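In case you want the letters, here they are:
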Amino acid sequence: MTVREQIQCRSLTVAVQIALTQLDRLGAAVVRRATAEYNPTTKCNTKMGVLVAEQPVAEPPPGSVVTADGVRDAVRAAATWLELQAANVNALNVFPVPDGDTGTNMSMTMRAAAEAAETVAIDEAGAVAEAAARGALMGARGNSGVILSQLLRGFAEASAGRADLTVRDLADGFARASDAGYRAVGRPVEGTILTAARRAAVAAAEWAPRAHTPSKLLEHVLRAVDQAVVETTDQLDVLRNAGVVDAGAQGLRLIVEAFWRTACGKPIEAGEAGSVVASRALVAAQHVGEGGLGFCTELLLRDPTEGVAAIRAFMESLGDSVIVVGDESLVRVHVHTLRPGRPLDYSAERGTLSNVKVENMQLQHAAGKAEAPSGEGVGHIGVVAVAPGAGFRRLFESMGAAAMVEGGQTMNPSVQDILAAANGVGYRELILLPNNGNILLAAQHAAKQTPRTLRVVPTRFLPQGVAALLAFNYEADLETNARRMEDAAGRVASIDVTRAVRAAQVQGWQVERGQSLGLLNGELVAVGEHLHDAALGALARCEPERREIATIYAGADVSPEQAKALADAIRVAHPHFDVELVQGGQPHYPYILSVE
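Please read these numbers as outputs of a predicted model, since none were measured by experiment.

(A) Local environment of the overall build of the chain. Tallying secondary structure elements over the chain gives 21 helices and 16 strands in all. Scored against the burial criterion, the 596 residues of the chain give a buried share of 54%.

Structure representation (structure tokens):
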């Protein structure tokens, strides 16, 4: 049976208690002044003429403050909880466009915050909060991620200089977070994450005088955010029509819940994600204007020569969903515009650009409309595959891959790219096919950072990935599938055909620039003047007499006629071969051959 036939058949300044009973009648102002002018040598305050007996400083009761480690734990728990729930939050979106993957964007932003918080050596809660906010800004994804980074920024500003955080500090943090969130958005809309942040701040301010522990305060804040999320449905017509709550508000609710659970000592368990709510078809209810959805344009601008206000004003003249945040050293820009080149040109003239992302939301919209609602799919295990080229992506998707990661030779995806794909699908168990030796390490690191169970089948070449996915059994368990897929991948010979970009001596071969190279399982085995010569030379080195099927994956720059000519040449050289021709669309490699 040929490959084609098989293809057709997945969360407080220390509460210091100094008993200065001799000064009770002097009032709070005298107490503050006496304390400030206390002489540690004489153990009294002679300037005020009052002897102040030295009092022991009591340790705060357990659970009455949040320490630096407590902040780290809370941020880490929030990142994990968002990752577990990313697919559910994504499913609330009424726009299946890049900016609409709210769950994925918020989880990736929170994970960047958690990773940054882990690097702080200073044992101060304020320092950890500051690092988390900075990390979130650097790693912010999408509209919701940028707003989340600003909520963390506001909380960090309120926590600055604090070794530990009291209940009062937490309440101040929620207030500053809400203020920062509203400032970040040019035209704030109620019924969104901003509303939930404001309701959290109101509840924290109300309960801070009565709540004696962070866990009790956070309990009341969580209740308020819960109610705010429910009410978003009736605050925005688009949510009312779709019958869903706001995805960003729900994402914030999950963060507050993780903070509360951490304060209570309740860990986040990997099996708590719950079932996936499918709502991709909600996009059908959306109206798209004649100009289309345009492009979601994001970038980081380092050392800008213009202030945040000026940059924001310019971006608002170009489009909508504008968020411009940062400081004199780093500014993050997010805008939806029909002409993405203009914000890029403007920014490039006013600083150093990085982390540029431009995505066509109109195409995503069209693709979303074509999708039917779906949950976990046919089985309980999902497969994530890395591949370059539209042809290979279509191929893996047609064989049942739950998610694709764009990448390959010369464009290796990051750990975060892989995590975004793995955490954005509705499977608790996943198998990852890296399909490139240079991506294996990133894949293995990603497997350690997701709360899901993720097994890496170490496919080093694209044909191995195809063979592995063909061996996937929807009814088998994770370990069985991983073993079967690895065995299948090992039986395929992979040939890469490309051109030398420079002269070099490689593995015993003297190669001149422009010559054609044939690599068998990554080892150079053939050099020729023409691509077909290199392909045939490599094929001759893979024990063709023991093989039966050769599948040619034509690259992006190969014409149909050229690909057919290679297929014909293989048939002549090896008449017993069943030769297939597939449009892979991969860059850099005109031909990739699978031989089995």
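What follows continues from the structure just given.
(B) Spatial organisation of the packing of helix α8 (residues 193-207) against helix α11 (residues 247-264). Where α8 meets α11, the closest approach of the two axes is 7 Å, and the angle between their N-to-C directions is 35 degrees. Note on element contacts: α11 touches α8 through G248, A249 and L252, opposite I193, A196 and A197. Grouping the constituent residues of the contact of α8 with α11 by class yields five nonpolar, one polar and no charged.

(C) Fine view of the confidence of the model for the chain. Taken residue by residue, the chain gives an average pLDDT of 79. The fraction at 70 or more is 80%. Between residues 274-292, whose pLDDT stays under 50, and residues either more than four places distant or in other chains, the model counts 43 contacts. pLDDT under 50 marks residues 367-378. Its contacts with residues more than four places away, or in other chains, come to 17 contacts.

(D) Broad picture of the pairing of strand β15 (residues 578-583). One ladder, built from six bridges, connects strand β14 (residues 549-554) with β15; its direction is parallel. Its bridge partner lying in β15, A550 is registered against V579. One crossover worth recording links β14 to the parallel β15 by way of helix α21 (residues 560-573), and it is right-handed.

(E) The arrangement of the sheet that holds strand β16 (residues 591-595) in detail. The mixed open sheet is built from six strands, whose spatial order is β13-β12-β9-β16-β14-β15. Each of the sheet's edge strands pairs with one partner strand only, and the pair in question is β13 (523-528) and β15. Ignoring strand direction, the axes of neighbouring strands in this sheet form an average angle of 20 degrees. In terms of strand pairing, β14 meets β16 through five bridges, oriented antiparallel. Residue pairing for β16: Y553 is matched across the bridge by I592.

(F) Summary view of helix α4 (residues 102-118). Relative to the 24 Å expected for 17 residues at 1.5 Å per residue, α4 spans 24 Å between its end C-alpha atoms, a close match to the ideal helical length. Most of α4 is tucked away, with 15 of its 17 residues classed as buried.

(G) View of α8. For α8, with 15 residues, the first-to-last C-alpha span of 21 Å sits near the 21 Å given by 1.5 Å per residue. Buried within α8 we find I193, L194, T195, A196, A197, A200, A201, A203 and A204. At its buried positions, α8 is contacted by α4, α6 (142-159), α7 (167-184), α9 (214-231) and α11.

(H) Representation of the nonpolar core in the model. Ranked by internal contacts, the top residues of the largest apolar core, which has 79 residues, are M110, F174, L217, V221 and I255. Looking at this core element by element, the count peaks at eleven residues for helix α3 (residues 68-90). Excluding anything up to four places from it in sequence, F174 contacts F155, A200, A201, A204, L218, V221 and V256. Grouped together as the second largest cluster of nonpolar side chains are 26 residues, A387, F472, L478 and Y589 included.

(I) Up close: the packing of aromatic side chains. This structure, assessed with the given rule, holds four aromatic pairs. Arranged with centres 3.9 Å apart and planes meeting at 10 degrees, the rings of F314 and Y346 form a pair that is stacked. With F314 in helix α12 (residues 308-316) and Y346 in helix α13 (residues 341-348), this pair connects stretches of sequence that are 32 residues apart. According to the relative accessible area criterion, F314 is partly exposed, its value standing at 22%. The interplanar angle of 35 degrees and the centroid separation of 4.7 Å between the aromatic rings of F392 and Y553 together place this pair among those described as tilted. You can see F392 sitting in helix α15 (residues 390-398) and its partner Y553 sitting in strand β14, a full 161 residues away along the chain. The buried category is assigned to Y553, whose relative accessible area is 1%. Ring pairs connect the aromatic residues F392, F396 and Y553, which therefore count as one cluster. Residue placement shows R210 over the ring face of W207; its charged tip is 4.0 Å from the ring centre. Looking at R261, its charged tip hangs above the ring of W81, at a distance of 5.3 Å from the centre.

(J) Region of interest: the side chain of T297. Take T297: it is sitting in strand β1 (residues 295-302). Using a relative accessible area of 1% as the deciding quantity, one classes T297 as buried. In this view, T297 contacts V333, H334, V335, T337, P340, P343, L344, K357 and V358; residues no more than four positions away in its chain are not counted.

(K) Focus on the environment of R541. Topologically, R541 is positioned in the loop between α20 (531-540) and β14. With 16 residues separating them along the chain, R541 and V525 place their C-alpha atoms 7.2 Å apart. Not counting chain neighbours up to four residues away, the residues in contact with R541 comprise L520 and V525.

(L) Seen up close, the environment of L469. Turning to its location among the elements, L469 is positioned in helix α18 (residues 462-470). Distance in space between the C-alpha atoms of L469 and V384 is 10.0 Å, their sequence separation being 85 residues.

(M) The pattern of salt bridges, seen in detail. Here the structure, examined in full by the defined rule, presents 27 salt bridges. R153 is paired through a salt bridge with E130; the nearest N and O atoms lie 2.7 Å apart. Of this pair, R153 sits in helix α6 while E130 sits in helix α5 (residues 125-139), placing them 23 residues apart in sequence. For E130, a relative accessible area of 34% translates into the label partly exposed. Here the salt bridges do not stand alone but share partners, grouping D226, R253, E257 and R261 into one network.

(N) Quick look at unusual backbone geometry. One non-glycine residue, N521, lies in the positive phi region at around 50 degrees. Looking at N521, the relative accessible area reads 38%, which means it is partly exposed. Backbone geometry at E543 places phi at a positive 55 degrees, although glycine is not the residue there. You can see E543 is positioned in the loop between α20 and β14. For E543, a relative accessible area of 38% translates into the label partly exposed.

Reading the values: rules and limits
- Throughout, a residue's number is its position along its own chain's written sequence, starting from 1.
- Only residues with pLDDT of at least 70 are given local features in this predicted model, and only at 80 or more are side-chain atom pairs given and counted; all residues enter the totals for whole chains, interfaces and linings.
- Water and hydrogen atoms were dropped before computing side-chain values, which therefore reflect all heavy atoms in the structure.
- Per the convention used, a helix needs a DSSP run of H or I reaching at least four residues, while a strand needs a run of E reaching at least two, with both numbered from the N terminus.
- Accessibility here uses a 1.4 Å probe with only protein chains present; expressed as a share of the type maximum, an area under 20% marks a residue as buried, one over 50% as exposed, and anything in between as partly exposed.
- Lines fitted to C-alpha atoms define the axes, with helix axes restricted to the stretch in contact, and inter-axis angles between N-to-C directions lie between 0 and 180 degrees.
- Whether two residues are in contact is decided by their heavy atoms, any of which lying within 4.5 Å being enough.
- In the scheme used here, Gly and all other residues not listed as nonpolar or charged are polar, with Ala, Val, Leu, Ile, Met, Phe, Trp, Tyr, Cys and Pro taken as nonpolar and Asp, Glu, Lys and Arg as charged.
- Values of pLDDT, which run from 0 to 100, indicate the predictor's confidence residue by residue.
- Here, strands pair whenever DSSP counts at least two bridges between them.
- For the handedness criterion, the strands are oriented away from the viewer, and a crossover whose path from the first strand over the helix to the second runs clockwise is classed as right-handed.
- Expected span of a helix, by definition, is 1.5 Å for each gap between consecutive residues, and there is one gap fewer than residues.
- Residues enter a nonpolar core if they are buried and are Ala, Val, Leu, Ile, Met, Phe, Trp, Tyr or Cys, with the set joined through side-chain atoms within 4.5 Å.
- Any two of the Phe, Tyr and Trp rings considered here, Trp counted by its six-membered ring, make a pair once their centres fall within 6.5 Å; the pair's planes then place it as stacked at under 30 degrees, edge-to-face at over 60, or tilted in between.
- Criterion for a charge above a ring: Lys NZ or Arg CZ within 6 Å of the ring centre, and within 35 degrees of the ring normal.
- The rule for a salt bridge is simple: a side-chain nitrogen of Lys or Arg has to be within 4 Å of a carboxyl oxygen of Asp or Glu.

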